[in-house]
Number of protein chains: 2
Amino acid sequence: MPSLRRDPTSDSWVIIAEDRALRPSDYQVASDPHNEVTNCPFCPGKEHLTPPEIRAVRDGGRPNDSNWNVRVIPNKYAALRVEGVLSRRAAGIYDEMNGIGAHEVVIETPNHHARMHEYTEAQMESLLRVCHERVVDLSRDLRMRHVQLFRNHGPGSGASLSHPHTQIIALPMVPSWVKRELICAKEHWDRTERCLFADIVDQERRDGDRMVCENDRFIAFEPFASKFPFETWIVPKEQRADVREVNRSDLAALAQIMRDSLRALAIALNDPPYNLMLFSAPFSAHDAELVANTAADYRWHIEIIPRLTIPGGFEWATGCHINPTPPEAAGEYLRKALMGAR
Amino acid sequence: MPSLRRDPTSDSWVIIAEDRALRPSDYQVASDPHNEVTNCPFCPGKEHLTPPEIRAVRDGGRPNDSNWNVRVIPNKYAALRVEGVLSRRAAGIYDEMNGIGAHEVVIETPNHHARMHEYTEAQMESLLRVCHERVVDLSRDLRMRHVQLFRNHGPGSGASLSHPHTQIIALPMVPSWVKRELICAKEHWDRTERCLFADIVDQERRDGDRMVCENDRFIAFEPFASKFPFETWIVPKEQRADVREVNRSDLAALAQIMRDSLRALAIALNDPPYNLMLFSAPFSAHDAELVANTAADYRWHIEIIPRLTIPGGFEWATGCHINPTPPEAAGEYLRKALMGAR
C-alpha cells in the first residue's frame, strides 16, 4: 500500500509509492524507441495489457474491444489506491496516512504517433468531454478533496510512455501549491473585492505584448512572472472557480484555444516537451473555509510549461526560477508562429 | 538588466534574465563532451576566459595566475547584477524590481574530471572554508536578504558546465520556499517551544532506519517525507540557525560527513546526477519578524537530491512528489554502500 507522508519543514505531502520500491539499479534503465512502439500497452489490440476500461468512446463494439477512439483505464502503476478507508496516524513527530486516491489514464487516441496540437477540433472536444466527465465522477468520492489532471509530453517531461495520454489523480488532501494559490487569490479578494484572475485577464488584454491568442471565452498568454520560458496559461473570461461547472460550448471554445496554443508552441519550438496542468478549486466539504469564497475569488485555468531548461539546485532550494526568455519576447514568437500557420 | 517579477498567484519571485533573451532556437543546442573539455573556461590556463577572480587559494603566485587550488569568480552569465540601487515598481497589478544581486562561482579544483566524493578531507575543508567566507562576505551587502549556495552535478542536474563548481547567489528578497520553511519551523516552536530540526535529529537517531551516517557534530539521513528517491539531508546536532556562525572544527566535521554521504550515493547509484543545497536563516534586518526567533527555532542544514526521476505535470502542479523508493529502503542501501567502502 502506498502512503502519504507530510514533510514538517514545508507542510507539504509526499506520496511514497511503497509497492514499487525501486532499487538503485532500477533507475538506470535506458529506453529503446523501437521496443516502446511494439510493446506499447496503450495501442489498439493491446487492451489485455491494461486493467479493464472505466469509460471509452467507440463506434459500436463492446468494452475492451480494440475499436475505441478514447479510452479511460485505471493506471496499472497507480501512485494511489482507490480501495480502503482513509486512515491517519502519527509516526513519532511525523504525520502519515495510507495512500488512498485514484489514478486514471485517458488514452487520447489509438494513434501512437499522434500529437495533441494536430488533433482535429472534433477529436479535441470529444477528449475534453471525457476528461470533464471523469473529473466530475471522481469528485463524487467523498474521501477525495482535490482532482489533478495533467499531461506529460515528450522526452524530459516525466512521461514514461510516449503514446498520447492524460492522467487524472484524485487526492485525499488539498496539495500545498494548490492551497497556496487559493490563499493568494483570497488575499487579493480581501483587499480589492476583485478576482485576481479577472484582474490578470484585463491586464493581459490591455498590455497585449504577452498575449498568444484569444476567442470569445478564453485568453492564452505568457504570464508576467513566467517561471519557465514560453510558459503559457489559458484562462476563461467568465468567472468560474470550479471546472466541473463548464458546459459543452465552453469545452468547444477550450478545444479551439488549446489547439491554437499548442500549435504555436510546436511551431516556434519544434514540438518541445511540455507539461499541461489543470487548476481548479477543491470541492470538498472538508475544506469549507478554503472553498468558501472561491466562487468569486478563484478561477479555474490551464498552465502549459515547455521543458526547455532544467531546474537546478537554486530553483529546488528557493522556488525562485530563472527564466532566460522574457514573456514579452515569447509572446511575440508565439503570435508570429500562429500568424504563419494561418 | 535582469528583473525580478512577482507571481501574484503564488507570491513567489521569478528572475527574468533579460540580457540573455534566449530565442527559440537557443534551446536546441546539444552538448559535445569533447568540445566541453577543450573549451572549459574553468580549467587552469583559461583564466582569461572568466571575469577576474574575487578570491583564490593558491601556493604563491599572483591573482588570476593558473596555479590555483580553489578559485572564486563572478558568474559571467550572472542571473542578477551587483551594481546599482534596488528599485521597485508596479507594472499595472504586478510587482517588479530590478535584478540586483550577486552570482558567484566557486571553481572547486583545477581537475576537470574530479568528483566531490573523491576529494581529500583537506581539499574538502579548504573548499568549505572558502564557501563559508564568501557567504559571510556577501551577507555584508545591506541590499541582500538571503544567500543561496548550491551545487549541480552531472547530466540532468541543471549544470551547464561539468567542471566541478559550486554557485552562490545573493538575493534582495527571501525566496518563497525559504520563507515557508521558516514559517513551519516557527509554528512548531510556537506549539512546542522546541526546534523542529532538533526533534527531527532526535527522531531519526532513535528510529535509525533512515540514517546514513553520523559524526560528533552532524547526522546524515533520508528524510521521513523524502520528495526524491535517495534524498539525503545533513543536519548539525548543535542549535544554530545561521551557517555564518560555524567554526573551523564544525567545517572539518562537515567536510567528513559530506564526503561520506556523497560517497554512499556514488557507490549505491553509480555516481548519479544531483543537486546539493545549503539552507540557512536569512540575515537581514529587513526581515526582523521572520528572523526574530530563528536562533532557537530554525537550524541550518544541507539537502542533497539525486536526480533519478523527472518531475512531471503532477509534481509541478501540486508540489506533491511521488517517490518510488521509501526512505527506509534508501537508508539501508546507503548504509550498506558505506560499509562496503570501509
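Just so we're clear, the structure is a prediction, and the values are computed from it rather than from any experiment.

Draft legend 1. Inspection of the relation of the copies chain B and chain A at higher detail. Expressed as a screw operation, the relation of chain B to chain A combines 0.0 Å of axial shift with a rotation of 180°, fitting to an RMSD of 0.0 Å. Between the two chains, the operation in question is that of a two-fold axis. Considering only C-alpha atoms, the part of chain B nearest the rotation axis is glycine 156 of chain B, at 4.5 Å. A share of 100% of interface residues in chain B that are also interface residues in chain A marks the association as one of identical surfaces.

Draft legend 2. Spatial organisation of the sheet that holds strand β5 (residues 88–91) of chain A. Spatial ordering of the open sheet is given by β5(A)-β6(A)-β1(A)-β2(A)-β15(B), a layout of five strands whose pairing is mixed. Across the chains shown, the open sheet's two edge strands, defined by having one partner strand only, are β5 of chain A together with β15 (322–323) of chain B. Summarising the sheet, β5 of chain A and strand β6 (residues 94–98) of chain A pair through four bridges and their orientation is antiparallel. Counterpart to alanine 90 of chain A in the pairing with β6 of chain A is aspartate 95 of chain A.

Draft legend 3. Geometry of the interface of chain B and chain A. In this assembly, 79 residues from chain B lie in contact with 79 residues from chain A. Of all the elements, helix α3 (residues 176–192) of chain B adds the most residues to the side of chain B that touches chain A, at seven residues. Within the side of chain B that touches chain A, the residues separate by chemical class into 44 nonpolar, 23 polar and twelve charged. As paired elements, strand β2 (residues 12–16) of chain A and β15 of chain B share two bridges and run parallel to each other. Paired with isoleucine 15 of chain A across the two strands is isoleucine 322 of chain B, which belongs to β15 of chain B.

Draft legend 4. Spotlight on helix α2 (residues 121–138) of chain B. End to end, α2 of chain B covers 26 Å across 18 residues, agreeing with the expected 26 Å (1.5 Å per residue, within 8%). The inward-facing, buried residues of α2 of chain B contact β3 (55–58), β4 (68–74), β7 (102–107), β8 (146–153), β9 (165–171) and α5 (248–269) of chain B.

Draft legend 5. Fine view of the sheet that holds strand β12 (residues 232–236) of chain A. Residue and element names in this part refer to chain A. The strand order across the open sheet formed by ten strands is β3-β4-β7-β9-β8-β13-β14-β12-β11-β10, and the pairing between neighbours is antiparallel. Looking at the sheet topology across the chains shown, the edges are occupied by β3 (55–58) and β10 (211–214). Pairs of neighbouring strands in the sheet enclose a mean axial angle of 15°, with direction left out of account. Of the pairings in the sheet, the one linking β10 to strand β11 (residues 218–221) comprises three bridges and is antiparallel in character. The residue of β11 that forms the bridge with methionine 211 is phenylalanine 221. Where helix α4 (residues 196–207) meets the sheet, it contacts β10, β11, β12 and β14 (301–306), and its direction lies at approximately 70° from that of β11. Here helix α9 (residues 327–341) sits on the sheet in contact with β10 and β11, set at roughly 40° to β10.

Draft legend 6. Region of interest: helix α3 (residues 176–192) of chain A. All names here are of chain A. Look at α3: 24 Å from first C-alpha to last across 17 residues, which is about the 24 Å you get at 1.5 Å a residue. Residues Val178, Glu181, Leu182, Ala185 and His188 constitute the buried set of α3. One face of α3 carries all of its buried residues, which in axial projection span an arc of 120°. Relative to its buried face, α3 has exposed residues pointing more than 90 degrees away, namely Asp190 and Arg191. Backbone geometry just after α3 places glutamate 193 at a positive phi near 55°.

Draft legend 7. Broad picture of the packing of helix α2 (residues 121–138) of chain A against helix α5 (residues 248–269) of chain A. Residues and elements named next belong to chain A. Interaxial distance between α2 and α5 falls to 9 Å at its minimum, and their mutual angle equals 120°. In terms of orientation, α2 lies oblique with respect to α5. α5 is crossed by α2, and the crossing has right-handed handedness. Here Glu121, Met124, Glu125, Leu128, Arg129 and His132 of α2 come into contact with α5, specifically with Leu251, Ala252, Leu254, Ala255, Gln256, Met258 and Arg259. Across the contact of α2 with α5, the residue classes tally to seven nonpolar, two polar and four charged.

Calculation rules
Residues numbered from 1 in each chain as written. Chains lettered and ligands numbered in written order. Predicted model: local features only at pLDDT ≥ 70, side-chain atom pairs only at ≥ 80, totals over all residues. Least-squares fit on C-alpha atoms with pLDDT ≥ 70 in both. Contact = placed C-beta atoms within 7 Å. Pairing = 2+ DSSP bridges. Helix = DSSP H or I, 4+ residues; strand = E, 2+ residues; numbered from the N terminus. Nonpolar A, V, L, I, M, F, W, Y, C, P; charged D, E, K, R; others polar. Expected span 1.5 Å × (residues − 1). Axes fitted to C-alpha atoms, helices over the stretch in contact; angles between N-to-C directions. Buried ≥ 20, exposed ≤ 12 C-beta atoms within 10 Å, placed from the backbone. Arc of directions from axis to C-beta. Parallel < 35°, antiparallel > 145°, perpendicular 65-115°, else oblique. Left-handed = near helix turned anticlockwise from the far one by under 90°.

By themselves, these are just geometric observations and shouldn't be taken as functional.
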